[in-house]
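Structural overview
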Amino acid sequence: MLVAEVEKKEVEKEKALKECFPPLNLSGLSVQELQDLCREIHHKIDIVDEVHYDLEVKVAKNEKEIQTLSQKINEMKGSKRPNLKRVKKSTDNMVGTFVDTSKKPDFKVNLKTVKKEEDKREEVTDWRKNVEAMSGMEGRKKLFDAGQ
């Protein structure tokens, strides 16, 4: 079976070559006709070389693109997600999730209460009495003693 396929491919190859490149009849041609034939063959060679070069450039471009895309794929595969930690739930939490989901939990129950410190306010007295008491050396002495 393989031998038959190989022979079949060879026959097809020879048939394609005969169609593209017919055999040359050089007998009976003058020098001018031989030169024209050589020019025609060189022209065909140039066309084939141009096509060959264009295909090489396309192949190189595609190979480079494949390489960059494969690098991107490897980078994406390389970044691993961190493993998630298991969360331990108490039985109360588990039962609470299954019992009633329509009730909204009251978050204010678990909050700590914070006592505010009341500002110390000085008693408001008559300012005239305060001025008379602080006047003189005794008043200055009281302010000095209060500062220490």
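The residue numbers shown here count from 1 along each chain, following its written sequence. Residues qualify for local features only when their pLDDT is at least 70, as the model is predicted, and side-chain atom pairs are given and counted only at 80 or more; totals for whole chains, interfaces and linings, by contrast, use all residues. Only hydrogens and water are set aside; all other atoms, that is, all heavy atoms of the structure, feed into the side-chain values.

A word on the overall build of the chain
- Comment: elements are numbered from the N terminus, with helices defined as DSSP H or I runs of at least four residues and strands as E runs of at least two. Looking only at helices and strands, one finds five helices and zero strands in the chain.
- Listing the helices and strands of the chain from first to last along the sequence gives α-α-α-α-α.
- Each residue gets one of three labels from its accessible area relative to the maximum for its type: buried under 20%, exposed over 50%, partly exposed in between, using a 1.4 Å probe on protein chains only. The burial tally for the chain puts 1% of its 148 residues in the buried class.
- Surface accessibility of the chain: about 16,500 Å² in total, with carbon and sulfur atoms responsible for 57%. Accessibility throughout is a Shrake-Rupley quantity obtained with a 1.4 Å probe, and a residue counts as covered only by protein chains that appear here.

Here we look at the pattern of salt bridges
- One speaks of a salt bridge when a side-chain nitrogen belonging to Lys or Arg is within 4 Å of a carboxyl oxygen belonging to Asp or Glu. Taken as a whole, this structure holds two salt bridges when the rule is applied.
- When the shortest N-O distance is used, the salt bridge between Arg39 and Asp36 registers 3.2 Å. Here the residue Arg39 and the residue Asp36 both occupy positions in helix H2 (residues 31-78), the gap between them amounting to three residues, near one helical turn.
- Relative accessible area serves as the criterion here: at 52%, Arg39 is assigned to the exposed category.
- Residue Asp36 is classed as partly exposed on the basis of its relative accessible area of 38%.
- The salt bridge involving Glu40 is made with Lys44; its shortest N-O contact spans 3.7 Å. Note that Glu40 and Lys44 are positioned in helix H2 at a spacing of four residues, about one turn of the helix.

Focus on helix H1 (residues 2-20)
- Relative to the 27 Å expected for 19 residues at 1.5 Å per residue, H1 spans 27 Å between its end C-alpha atoms, a close match to the ideal helical length.
- Little of H1 sits inside the fold, with zero of its 19 residues counted as buried. What a helix is expected to span follows from its residue count: subtract one and scale by 1.5 Å.

Remarks on the confidence of the model for the chain
- Per residue, pLDDT measures the predictor's confidence, with a range of 0 to 100. Looking at the chain, pLDDT values average 78 and 67% of them are 70 or higher.
- Confidence, read as mean pLDDT per element, is least for helix H4 (residues 127-134) in the chain (60) and greatest for H2 (92).

As for a nonpolar patch on the surface
- Note that patches include only residues with greater than 30% relative accessible area and no salt bridge, and the join distances are 9 Å for like charges and 5 Å for nonpolar side chains (Val, Leu, Ile, Met, Phe, Trp, Tyr). A cluster of nonpolar side chains, Leu24, Leu26, Leu29, Leu34, Ile41 and Ile45, forms an exposed patch at the surface whose accessible area comes to about 480 Å².
- Relative to the helices and strands, Leu34 is located in helix H2.
- Overall, the relative accessible area of 31% leaves Leu34 in the partly exposed class.

Describing a negative patch on the surface
- Under the convention used here, Asp and Glu are negative, Lys and Arg are positive, and both His and the chain ends fall outside the count. In plain terms, the charge of a residue is placed at NZ if it is Lys, CZ if Arg, CG if Asp and CD if Glu. Where like charges cluster on the molecular surface, the negative patch consists of Asp46, Asp49, Glu50 and Asp54.
- Here Glu50 shows up in helix H2.

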